[in-house]
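# Coordinates in review
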Amino acid sequence: MVKAGLYFYGVRPYLPSTLLFRSYWVVALGTAQVFQYGYVVYSDPDSFSEFMDGVSSAMAHSLLFIKLIILWVNQRLGVLAANAGDPEKWEPYNRELILKMKFPFEISTHPIYVAVTVVQFIHLVFVGWGIGFVNTLLVSLILHIGGQIDILQDWFKRAFARNELEQSNEITPQLLVTKHQQIIMFSENIENLYTYIAFMILLSNTLIICCLGFVIATSLDEPNAAAILVKSFMFYVTMNLDVFTYCYAGEYLSAKSKMIGDAAYDSVWYNVAAKNSRIVFFVVLRSQKQLTITCGKIMDLTLERFTSVVKASASYMSVLLAMY
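Just so it is clear, the structure is predicted and the values come from calculations on it, not from any experiment. (Residues numbered from 1 in each chain as written. Predicted model: local features only at pLDDT ≥ 70, side-chain atom pairs only at ≥ 80, totals over all residues. Heavy atoms only, no water.)

## Section: the overall build of the protein
- A count of helical and extended segments in the protein gives 8 helices and 2 strands.
- Going from N to C terminus, the protein has its helices and strands arranged as α-α-α-α-α-α-α-β-β-α.
- Taking all 324 residues of the protein together, the buried fraction comes to 46%.
- For the protein, the accessible area works out to roughly 17,100 Å², and carbon and sulfur atoms hold 64% of it. (Helix = DSSP H or I, 4+ residues; strand = E, 2+ residues; numbered from the N terminus. Buried < 20%, exposed > 50% of the residue type's maximum accessible area, 1.4 Å probe, protein only. Areas by Shrake-Rupley, 256 points an atom, 1.4 Å probe, with all protein chains shown as cover.)

Written as C-alpha cells, this is what we have:
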C-alpha cells in the first residue's frame, strides 16, 4: 500500500510519472475544494448542522492537500426521499450529494446527478486512500526505527556480555556509537518530514472534531437523526484516530529511544577497559534527550497531547452549543 501510494500520490522522486500524478491531485483536490468552499461561503443550508457538516468535510480535504504538498516539498529527505419514484422530477435542493458542493450548473437531471455522485465517490475513495497512505508511511517509518533500536539494544547485550562465551568481538563500542548516530539522524529526518504535517493535523482536526461534535449534538432532534449520527460519528471516530496515530507514534518513538540508554546502562560496561566504558557514558548521556516527533517544532506529540486535543474540541463544541 505504501509503495503504491508513493507512486500514485507523486511522492516518489525522480520518476517521469511524478509530475503527472501531482498535476492530477492538484487539479482534482483544487477543483473539489473550490466547490466545497463554494458551498460553505455561498450556499444557504437548511440548518446550521448542515453548514458545519460541509465545513468539516471541506477541511478534511484541505488537510490531505496540505499533507501532500508537504510530502512533495520534502520528497528528497532520507526516508521517505420526495419524488423518489421519478428521479427526473427531483429538485436540486432535494438531491443529496456525498460531498457538500455548490456547482455552477444544475444537477436536476438524473444523468448529471448520477455522474456527479459517481465522480464524488471515486474521488472520496482516493482521498481516503491518500490519508491512509500518509499515515501508514509514518507508522512504517516509526516501526522501522523501533526495530533498529531493538537491534542496538541486542548489540549492547552482546558487546558487554557477562559471559565471555556470549560476548561478540565483532561489535565494537565505535560500532555502537555509529549505529546510535544513524538512528538519531533517521529520527531527525522523520521529524523534519512530519512536524508540519502534525501541526496542521492538530490544528485542523481540533476544529473538525469540534464541528462534528456539534453536528452530533444538534442532530438528535432532526427527523433523519439516525443517518446524520451514523455519518457524523464515523467521521468523528476517523478524525480522532488520525490524531491518535500521530500522537501514539511520537509516544512510541520517545519510549523506544529511552530504552537505548537503559540498555547501555544495564550492560556490563564496568568490566571493560576505561576507554570503551567512556563511550558507553556518552551513549547514556545522549539518550537522555529522547527522540520524538514534534508539532511544528513547538511541542512533542504524546498521548497526553491527544487528550488535550479532545478536551479542546469539547470546549469549543460547548461554546458553539451555548451560542446555538
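Structure shown, so let's carry the discussion forward.
## Section: the side chain of Ser-56
- Of note, Ser-56 is situated in helix H3 (residues 48–73).
- Given a relative accessible area of 0%, Ser-56 falls into the buried group.
- Contacts of Ser-56, omitting those with residues within four sequence positions, involve Ile-208, Cys-211, Leu-212 and Phe-235. (Contact = heavy atoms within 4.5 Å.)

## Things to note about the confidence of the model for the protein
- The share of residues in the protein with pLDDT of 70 or more is 85%, and the mean pLDDT across the chain is 78.
- Here helix H7 (residues 274–287) stands out as the least confident element of the protein, with mean pLDDT 74; strand S1 (residues 294–295) is the most confident, with 86.
- A low-confidence stretch, residues 81–93 stays under pLDDT 50, and its non-local contacts, those more than four residues away or across chains, total 17 contacts. (pLDDT = per-residue confidence, 0-100.)

## A word on the environment of Arg-286
- Inspection of the secondary structure assignment puts Arg-286 in helix H7.
- Judged by its relative accessible area of 28%, Arg-286 is partly exposed.
- Excluding anything up to four places from it in sequence, Arg-286 contacts His-180, Ile-184 and Leu-291.

## Considering the nonpolar core
- If you look at the biggest cluster of nonpolar residues, it comprises 56 residues, and the most contacted ones within it are Phe-133, Tyr-194 and Tyr-246.
- Elements represented by at least two residues in this core include exactly helix H1 (2–8), helix H2 (16–42), H3, helix H4 (110–159), helix H5 (173–218), helix H6 (225–266), H7 and helix H8 (303–323).
- Sort the elements by how many residues they give to this core and H4 lands first, with 14 residues.
- With 13 residues, the next largest nonpolar core counts Val-40, Val-55, Ile-208 and Ile-209 among its residues. (Core = buried A, V, L, I, M, F, W, Y, C linked by side-chain atoms within 4.5 Å.)

## Thoughts on the UniProt feature "transmembrane region" (unreviewed entry) in the protein
- UniProt tags residues 23–42, 54–73, 112–143, 193–216 and 228–249 as "transmembrane region" (unreviewed entry).
- Overall, residues 112–143 shows 100% helix and 0% strand. The separation of its end C-alpha atoms is 46 Å.
- Between the C-alpha atoms that bound residues 193–216 the distance is 34 Å, and the span itself is 100% helix and 0% strand. (UniProt positions renumbered as here; feature names shortened; annotations may be inferred.)

## With respect to unusual backbone geometry
- Here the phi dihedral of Lys-297 falls at roughly 60 degrees; this positive angle occurs in a residue that is not glycine.
- Looking at the secondary structure, you find Lys-297 in the loop between S1 and strand S2 (299–300).

## Notes on the pattern of salt bridges
- Under the definition given, this model contains 3 salt bridges.
- In this structure, Asp-150 engages Lys-256 in a salt bridge whose closest nitrogen and oxygen atoms are separated by 2.5 Å. With Asp-150 in helix H4 and Lys-256 in helix H6, this residue pair connects regions lying 106 residues apart in the sequence.
- We classify Asp-150 as partly exposed; its relative accessible area is 38%.
- In this structure, Lys-297 and Glu-191 form a salt bridge, with 3.6 Å as the shortest nitrogen-oxygen distance. With Lys-297 in the loop between S1 and S2 and Glu-191 in helix H5, this residue pair connects regions lying 106 residues apart in the sequence.
- Glu-191 gets classed as buried once you look at its relative accessible area, which sits at 9%. (Salt bridge = Lys/Arg side-chain N within 4 Å of Asp/Glu carboxyl O.)

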